[in-house]
Each structure stands twice: as structure tokens, then as C-alpha cells.
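Chain by chain, the residues:
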Amino acid sequence: MRAWESVPVPTVPGGDDGAVAIYNAAQARLLPVGPPAGTARLYTCGITPYDATHLGHAFTYVSIDLLVRAWRDAGLEVRYAQNVTDVDDPLLERAEATGRDWRDLAVEQTELYRADMAALRVLPPDGLTAVSAVMDDITQTIQALHERQAAYQLADPDYPDWYFSVTSTSNLLDGAPVSVPEAEHVFAERGGDPERAGKRHRLDCLVWRQQRPGEPGWDTPLGRGRPGWHIGCTTIALNALGPAFDVQAGGSDLAFPHHPMCAAEARVLTGEPFARAFLHTGMVSYAGEKMSKSLGNLVFVHQLRADGTDPMALRLALLAHHYRSDWEYTAEELAAAQARLQRWQAAVARPGAAPADGVITAVRAALRNDLDAPAALAAVDDWAVTPGSDPAAPAAVAALVDALLGVRL
Ligand code: ZN
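Analysis parameters
Residues numbered from 1 in each chain as written. Predicted model: local features only at pLDDT ≥ 70, side-chain atom pairs only at ≥ 80, totals over all residues. Heavy atoms only, no water. Pairing = 2+ DSSP bridges. Helix = DSSP H or I, 4+ residues; strand = E, 2+ residues; numbered from the N terminus. Axes fitted to C-alpha atoms, helices over the stretch in contact; angles between N-to-C directions. Donors = N, O, S within 2.8 Å, 3.2 Å for Na, K, Ca; no water. Buried < 20%, exposed > 50% of the residue type's maximum accessible area, 1.4 Å probe, protein only. Phe/Tyr/Trp six-rings, centres within 6.5 Å; stacked < 30°, edge-to-face > 60°.

Bringing the sheet that holds strand β5 (residues 127-130) into the picture now. The strand order across the open sheet formed by 5 strands is β5-β4-β3-β10-β11, and the pairing between neighbours is parallel. Whereas interior strands pair on both sides, the edge strands pair on one side only; in this sheet they are β5 and β11 (275-281). On average, each strand axis in the sheet is inclined to that of its neighbour by 25 degrees, with strand direction left out of account. One ladder, built from 6 bridges, connects strand β3 (residues 39-44) with strand β4 (residues 77-84); its direction is parallel. Paired with Leu42 across the bridge in β4 is Tyr80.

In this sheet, strand β2 (residues 29-33) lies alongside strand β1 (residues 20-24) in antiparallel orientation, the contact comprising 5 bridges. Bridge pairing in β2 links Asn24 to Arg29. Adjacent in sequence and paired antiparallel, β1 and β2 are bridged by 4 residues, among which Ala28 carries a positive phi angle near 50 degrees.

Take the coordination of the zinc ion next. Here the zinc ion is held by the protein donor atoms Cys45 (SG), Cys233 (SG) and His258 (NE2), which lie 2.0 to 2.1 Å from it. Spacing between the donor residues of the zinc ion along their common chain follows C-x187-C-x24-H. Here His258 lies in helix α7 (residues 258-270) and Cys233 lies in helix α6 (residues 229-241), a separation of 25 residues in the sequence. Given a relative accessible area of 1%, Cys233 falls into the buried group.

This part takes up the environment of Arg121. Relative to the elements of secondary structure, Arg121 occurs in the loop between α3 (102-119) and β5. Among the residues examined, Arg121 registers a relative accessible area of 7% and is labelled buried. For the pair Arg121 and Asp73, spaced 48 residues apart in sequence, the C-alpha to C-alpha distance is 16 Å.

With that settled, consider the sheet that holds strand β14 (residues 327-329). The 3 strands lie next to each other as β13-β12-β14, forming an open sheet whose pairing is mixed. Of all strands in the sheet, those with a lone pairing partner are β13 (289-290) and β14, marking the two edges. Across 2 bridges, the pairing between strand β12 (residues 284-286) and β13 is antiparallel. Counterpart to Ser285 in the pairing with β13 is Lys290.

The subject of this paragraph is the packing of aromatic side chains. Counting across every chain of the model gives 7 aromatic pairs. Relative to Tyr113, the ring of Tyr61 has its centre 5.4 Å away and its plane inclined at 70 degrees; by these criteria the two rings are edge-to-face. One end of the pair, Tyr61, is in helix α1 (residues 55-73); the other, Tyr113, is in helix α3, and 52 residues separate them in sequence. Across the pair, exposure class does not vary: Tyr61 and Tyr113 are buried alike. Where Tyr286 meets Tyr329, the ring centres are 6.0 Å apart and the plane angle is 45 degrees; that geometry is what we call tilted.

By themselves these figures say nothing about function.
Quick look at the structure:
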């Protein structure tokens, strides 16, 4: 399905040399990501379209957008794939609870997401792939796992669901932020079913669920039903990018089990790594708690926009936090970002300013150093209060802020 309108990205001189590095959790250090030249490949886990787009989502996708922009600044092309999990439990539960058709809810929320992303000037992926559109591909992936003895059907007379066998591959917990004893607990908390009778291993994850009453189903050789969550991303990413792509990105709540499960399934299929690196964004809280549907403390981008918030101020409020940090959103955060936006707008409207070379170097270096947006913002702040008379500098800094930070002044 279509993504959203892109925006032009100005070229900032001098970016061709040097690599972008991000923090690698498995090795606990910064490592370059992307090839030295050519095309970088990125897969981002997309929304489940039932409550798009709250600020937690916005923080994730704006943070990942910094990577896309930093890669492009370094002279790379970017092949970028993203899914929409439009068949999954939370969406079906929300549809049921609100008496709506799940398809209508998914279409409506996906459209809101597109509008929010465009307003925030997030560069779009090459395409959005809905899970519901690739049932044949997903079925083939599961069959291929089965041929390799890595997927099996449960001996349950009512619901003979299909599972991925985690013991068919090694290193499931590689890079995952959980210990072996914690794994089952986190797995259960995030959609897994360690207690399901008949599984070979308690961490085996569902790949195909036979249709239950009231649930949607697709007719396949695996039975009439729908896929599990992880296998959708595995299939979509491999088909769009091939194996051993550069980065798989998403919120830190995907660091286990979602990303390791995708990677484990893919390793069995291709014999190669899945993503070479992961990018995990921090969680956003509000009113003292992590934003979540169960607590009802969600702040929505479309609501802020309807209230008259400038999306560029919102983008600056998000960029004031390093992508790996957990943070709390407050109205003061937004007010501070609005004030910063106005200061920057006034600074680039001057007839002359301090030369742009220093701030270009500083912003570029900050972003290539683990996408350090707060340091990049501080560099622009410094330039904005430095007097000078270079007539070319204001336009050069406006282009820099647009290209690398995605903020149009
Ligand atoms: Zn995913």
C-alpha cells in the first residue's frame, strides 16, 4: 500500500565522507551501520493500526528518520521497508470492543498515521506493506520453515495452530535485553503463550493461528486462519530487502521477543543473519506512567495538531531527547520546543550571521555519533546566538536543519 508524500531534502555540502554509527546492544559499543557506499537497507516495524499515532510512535519514527537522513547525508541511497500489522490481536480486540469492523478501523488509523508522519516531515519508506496483503508470502515462509523442521503443527484437535521451534536455531537471546529466566515472563507479557499445552518449547512462537469464532481467516494449506506477529515482519523484510540488511528498527519493547524471533526465523530460512544491527527507541511516558492503551494516558499527534500545535515544534520536542532514552512528555516540553523553533526562525531570518561551517560540522558529527539529536540541537542553539555578518549563513543553516533534523524553519 502507498506510504505518504515525501518532502525534498536539501543537500548540505561536505557530507560524503564518514559513516553513521549507532549503539550496538549486543557488543555494548558504537558500531558503524550501513555500507561504505551504495545502498543502505532499513526495516522498521510499523504500527498496529488501532491507536495511531501517539507520541511514543512519533518518537520512534522521528528518531528512525534521523538515521535515514544521516545516511542520505553521507551519500548513501536508502532502501526502506515498513509493515502495517493490520491483522493482530490488539486491533481485533479494539474493533470488537468498539463494535467496528476491524478493516475499517485499520484503514482509518493507517490514514491518520500517514497524515501525522507527513506533518512531522518523516521521510516515507519505499512502501508500506500490510500483513493482510501478503498472506501467500507468509504461508510460503511457514512452509519453508516446516520443510527445515523449524515449524510444527500442534496436536490440538480443536485448534491445530502452527509454531516456530526456537530450538531449531541457536542464539535466540543474542543481543536481547533479557536473561534466560526473564525471557518467559517477557514473552508472556508481550503476546507469547509459554503455558500453551503441547508446544515443544515454552518460548516457541505462534506462526499460524487457526480461525476462532468471530475472527478473520484466510484459506491456506496451513488451514483457515491468520498469521502470528513475528512471521509477518520476517516475511516482509526478507522479501523487500533480502538477508543481512543493515538495520531493523522499532521501539525498545520490540527488543524481545519480536526482533530476536524475526531474526531466528530468518536465519533458519536463509542461513544468514537477518538485520546486522538493531535500533531501539526509548519509551515515552505521560503523567508519571509509560504511555499505554491500558492506562489511557495516550497523547495523540493528530489531537495536538488539531489543537494548533506546530508539527515542527512537536518534532523539536521529540528531538530534544536522545533516541535511546526513556522520557516523560509534559506541556512544558512542548512550550520549550515552540520557543526554540521561534529562536531558530528568527536566527535564519537575519540578513547575516556567523559562518555556517562550524554548525554544519557539529550537527553532522552529533548525528553520526549515535544519532545524538540533543547535541545537534545545542549546536544550532549556539549558532543562533552567535553574532556575525556572513550573508550566506542563514540560508545554509536553514538547509542544514531541514536536511539533517527534518525541521523546516
Ligand atoms: Zn516487526
